[in-house]
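# Notes for the structure review
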Protein chains: 4
Amino acid sequence: MKYKTSTIKVRYSETDQMGIVHHSNYLKFFELARIEWLEKLKMPYQKIEESNIVLPVVRCDIKFIKSLFFGDLFYINVFCKKKPTSTIEFTYQIFNQNDELTTEGSTTLAFLNSKSMKPQRCPKIISDIF
Amino acid sequence: MKYKTSTIKVRYSETDQMGIVHHSNYLKFFELARIEWLEKLKMPYQKIEESNIVLPVVRCDIKFIKSLFFGDLFYINVFCKKKPTSTIEFTYQIFNQNDELTTEGSTTLAFLNSKSMKPQRCPKIISDIF
Amino acid sequence: MKYKTSTIKVRYSETDQMGIVHHSNYLKFFELARIEWLEKLKMPYQKIEESNIVLPVVRCDIKFIKSLFFGDLFYINVFCKKKPTSTIEFTYQIFNQNDELTTEGSTTLAFLNSKSMKPQRCPKIISDIF
Amino acid sequence: MKYKTSTIKVRYSETDQMGIVHHSNYLKFFELARIEWLEKLKMPYQKIEESNIVLPVVRCDIKFIKSLFFGDLFYINVFCKKKPTSTIEFTYQIFNQNDELTTEGSTTLAFLNSKSMKPQRCPKIISDIF
C-alpha cells in the first residue's frame, strides 16, 4: 500500500545556520505523511488516541540524499510494506519540486494502551485497512 | 521577587538561516527560566500539574535588543512584580556571556483546572510564595 | 492592507503535554503568514535575502484567546497598518475551523544589511507595495 | 573513543500530547552530545565552520527503548568507533536519572566544503583527534 501526500512547503523556522532544513524536522515531515494517510483512510489519529491507543515511535532511520531549503515544495510517498502486528512500519520517500529524491527513511510505531502504556496487538479496525 | 537562572548554551538546532537564534525559541527560554525558578521555590511544575492545574500562556511580549548566536552562553533574570490572581505574570531579561542585555519580555499565565479548563484563583500554596 | 492565508493544519509535533499547541509555535505561524503574503505580492522572502537584506524580528506580542489543538485547521489574517520605515510591523489574527478568533498578535521586523547587520531604510521596492 | 556529556534536563516544550518527549528532539540531543564532545576536544564546531567546512547529517537511526519525560535528567554517552574518512560516524546511548538506557542511535555526518558543498576528506586536524 502506498500514499502520496499533498505538497508541503519548507518553513523559515525549519532552517538552521547551514542554510538547510535542520535534520530533526524530517521526523516531523514523516509524521505529517502518516497522519495525512491515516486520515485519508478514515482512521484519523485523533480517533486512534480516543480509543486509548497511543503510537510512539520505537525505531527510525533516515538517509539524507539532497538537502531541502527554505521555500522548497516537497511531497512524501509513504508505504506500509508489512502487515501490522504489535507494531506498524512506515517507509518514506521525500521528493522536491524537481521530483528529485531528497530523503528516504522509515519509522516503526508501537501500539500501546494509553493508560497502562503496555504493548498490544494492532486493533482489527486498523489491521483490516493495511 | 527575582531569580537568576543557571547558564544556558545556545543549541545548533535553535539557529535559523539568518545565522541567529530563531525568535520563537525565546519563548522556550522564558519557559525554562520560570520552571527552574518554581523548582528552586520547591514548587516544581510537575507538582502543579499533578494537582490538576495547568498554566497556559495567555499573553506574551518580547523585545529583541541583540541576537543570540550558536554557542552563546546566557542567563535569564526572571521577576514576579505583582501578586498572582487568576493569572501570574513573569518578566524576563536575557544576558549573554558579555553581560549584555539581549532580550526583554514578559509572559502571563492563567491558572486553569486541567479537567474543566476553567480559570481558577492562584492556589494558596503558590500565592504564599510570591 | 490585508491578506488571508491559505488553511494551515496543526501538526502533532506542535502539541505539548498540556494537549494544546505549544505557545512558541504561534511565532512560526505568524512567520508563515507574512512570508506567504510577501510571496503573493511578488516579493518572496528569498528575493529580499538575495538583495542582502535580512529581516529579524525586533519586537512581538501575542494574546492567546482560545487554544489550538492537534488537527485543527486555521487561517491567519495579516495586516500592515503603517507605512514601513526602517522597520515593518505586521498584525495577525488566527481563526480556527469554526471561525473563532483564537489568537491576536503583532511582530515588528527591522531591515538590516545582511553583511554589516546595520539598520537601513525599507527598500523602495518593498515600501512601494505597502 | 568515548565521551559522557554533562547532565541535560528535558524541557516542557520538548513534550508532545502523548506526555513524552517528541521523538524528533532526540536528534537535537545527539547533536548536543557531539558538539559538546568536539568542544572538549578543543575542536569547537564554530572553528570547523569558520574553516569553511560544514557537517550535515547524511544518515541517522534511533532506537527508542524507554520514553523521556518532562523534567527528566539524562546524559549521553557518545562514541566514535571508526576513523573518519569523508564522513564521521557517532554512536549514542542516552541514560536517564535512574541510569536506565532509554535510547540508542547513530548519526553519520559528511565533511563538505561550505562554498562548493562538495564532499571532502576529513581535515587532518580532526582525523588526528579520532
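Residues numbered from 1 in each chain as written. Chains lettered and ligands numbered in written order. Predicted model: local features only at pLDDT ≥ 70, side-chain atom pairs only at ≥ 80, totals over all residues.

### Some points on the overall build of chain A
- Check the secondary structure of chain A and you find three helices and eight strands.
- Overall, chain A shows an N-to-C arrangement of helices and strands of β-β-α-α-β-β-β-β-β-β-α.
- A globule of 130 residues ought to have a C-alpha radius of gyration of about 14 Å, and chain A, at 15 Å, matches this closely.
- Overall size of chain A, expressed as C-alpha extent along the three principal axes, is 45 × 25 × 20 Å. (Helix = DSSP H or I, 4+ residues; strand = E, 2+ residues; numbered from the N terminus. Rg over C-alpha atoms; globule rule 2.2 N^0.38 Å.)

### Things to note about the interface of chain D and chain B
- Between chain D and chain B, the contact holds 11 residues from the first and 11 residues from the second.
- Contributing elements (two or more residues each) for the side of chain D that touches chain B: helix 1 (25-40) and helix 2 (45-50) of chain D.
- For the side of chain D that touches chain B, the element with the most residues is helix 1 of chain D, which contributes four residues.
- Among the residues making up the side of chain D that touches chain B, the classes are represented as five nonpolar, three polar and three charged. (Contact = placed C-beta atoms within 7 Å. Nonpolar A, V, L, I, M, F, W, Y, C, P; charged D, E, K, R; others polar.)

### Quick word on the relation of the copies chain D and chain B
- Superposition record for chain D on chain B: RMSD 0.0 Å, screw rotation 180 degrees, translation along axis 0.0 Å. Interpreted geometrically, this transformation is the action of a two-fold axis. Within chain D, isoleucine 8 of chain D has its C-alpha nearest the rotation axis, a separation of 5.3 Å.
- Here 100% of the interface residues in chain D have copies in chain B that are interface residues too; the copies meet face to matching face. (Least-squares fit on C-alpha atoms with pLDDT ≥ 70 in both.)

### Brief notes about the interface of chain D and chain A
- If you look at the interface, chain D gives 17 residues, while chain A gives 17 residues.
- Only helix 1 and strand 4 (57-64) of chain D provide two or more residues apiece to the side of chain D that touches chain A.
- A total of eight residues in the side of chain D that touches chain A trace back to one element, the largest contributor, which is strand 4 of chain D.
- Grouping the amino acids of the side of chain D that touches chain A by side-chain chemistry returns 10 nonpolar, three polar and four charged.
- Taken together, the five bridges between strand 4 (residues 57-64) of chain A and strand 4 of chain D define a ladder with antiparallel strand orientation. (Pairing = 2+ DSSP bridges.)

### Quick notes on the relation of the copies chain D and chain A
- The transformation that overlays chain D on chain A combines an axial shift of 0.0 Å with a rotation of 180 degrees, and the residual RMSD is 0.0 Å.
- Same-surface contact between copies: 100% of interface residues of chain D are shared with the interface of chain A.

### Focus on unusual backbone geometry
- You will see that lysine 42 of chain A, though not glycine, has its phi angle at about 60 degrees, which is positive.
- The class of lysine 42 of chain A is exposed, set by 9 C-beta atoms lying within 10 Å. (Buried ≥ 20, exposed ≤ 12 C-beta atoms within 10 Å, placed from the backbone.)

### Looking at helix 1 of chain D
All names here are of chain D.
- When the terminal C-alpha atoms of helix 1 are compared, their 23 Å separation across 16 residues agrees well with the 22 Å that a helix rising 1.5 Å per residue should span.
- Buried residues dominate helix 1, accounting for 12 of its 16 residues.
- All of the buried residues along helix 1 are Asn25, Tyr26, Leu27, Phe29, Phe30, Glu31, Ala33, Arg34, Ile35, Glu36, Trp37 and Leu38.
- Two residues or fewer past helix 1, lysine 42 is found with a positive phi of approximately 60 degrees. (Expected span 1.5 Å × (residues − 1).)

### Focus: the pairing of strand 6 (residues 87-95) of chain D
Residues and elements named next belong to chain D.
- In strand 6, alternate side chains face the same way, and those of Ile88, Phe90, Tyr92 and Ile94 are buried while those of Thr87, Glu89, Thr91, Gln93 and Phe95 on the opposite face are not.
- Sheet topology places strand 5 (residues 73-79) next to strand 6; five bridges connect them, and they run antiparallel. Bridge pairing links valine 78 to tyrosine 92 in strand 6.
- Relative to strand 7 (residues 101-110), strand 6 runs antiparallel, the two sharing nine bridges. The residue bridging isoleucine 94 from the neighbouring strand is threonine 103, located in strand 7.
- Remark: five residues form the turn of the hairpin made by strand 6 and strand 7, two consecutive strands paired antiparallel; aspartate 99 in that turn has positive phi of roughly 60 degrees.

### Brief notes about the nonpolar core
- In this structure, Ala33 and Tyr92 of chain B together with Ala33 and Tyr92 of chain C are the most contacted members of the largest nonpolar core, which totals 57 residues.
- Those residues within four positions of alanine 33 of chain B in sequence are excluded, and the remaining contacts are Thr5, Ile76, Val78 and Tyr92 of chain B.
- Listed in part, the 52 residues of the second largest apolar core include Leu38 and Cys122 of chain A together with Phe29 and Leu38 of chain D. (Core = buried A, V, L, I, M, F, W, Y, C linked by C-beta atoms within 7 Å.)

### Focus on the confidence of the model for chain A
- For chain A, per-residue confidence averages 96 on the pLDDT scale, and 100% of positions sit at 70 or higher.
- Per the prediction output, this complex has pTM 0.97; the corresponding ipTM is 0.96. (pLDDT = per-residue confidence, 0-100.)

### Some points on the environment of lysine 81 of chain B
Residue and element names in this part refer to chain B.
- Take lysine 81: it is sitting in the loop between strand 5 (73-79) and strand 6 (87-95).
- With 11 C-beta atoms counted inside 10 Å, the residue lysine 81 sits in the exposed group.
- Along the chain, lysine 81 and phenylalanine 130 lie 49 residues apart, while their C-alpha atoms are 8.9 Å from each other.

### Some remarks on the pairing of strand 4 (residues 57-64) of chain C
- Of the pairings in the sheet, the one linking strand 4 of chain C to strand 7 (residues 101-110) of chain C comprises seven bridges and is antiparallel in character. Of the residues in strand 7 of chain C, the one forming a bridge with cysteine 60 of chain C is threonine 107 of chain C.

### Re the environment of methionine 117 of chain C
Residues and elements named next belong to chain C.
- The residue methionine 117 is located in the loop between strand 8 (112-113) and helix 3 (124-127) in this model.
- Here methionine 117 falls in the partly exposed class, since 14 other C-beta atoms lie within 10 Å of it.
- Once the C-alpha coordinates of methionine 117 and isoleucine 53 are considered, the two residues, 64 residues apart in sequence, prove to be 8.7 Å apart.

### Regarding the environment of alanine 33 of chain C
- Considering the arrangement of structural elements, one finds alanine 33 of chain C in helix 1 (residues 25-40).
- Measuring from C-alpha to C-alpha, the distance between alanine 33 of chain C and isoleucine 8 of chain C comes to 9.9 Å, with 25 residues separating the pair along the chain.

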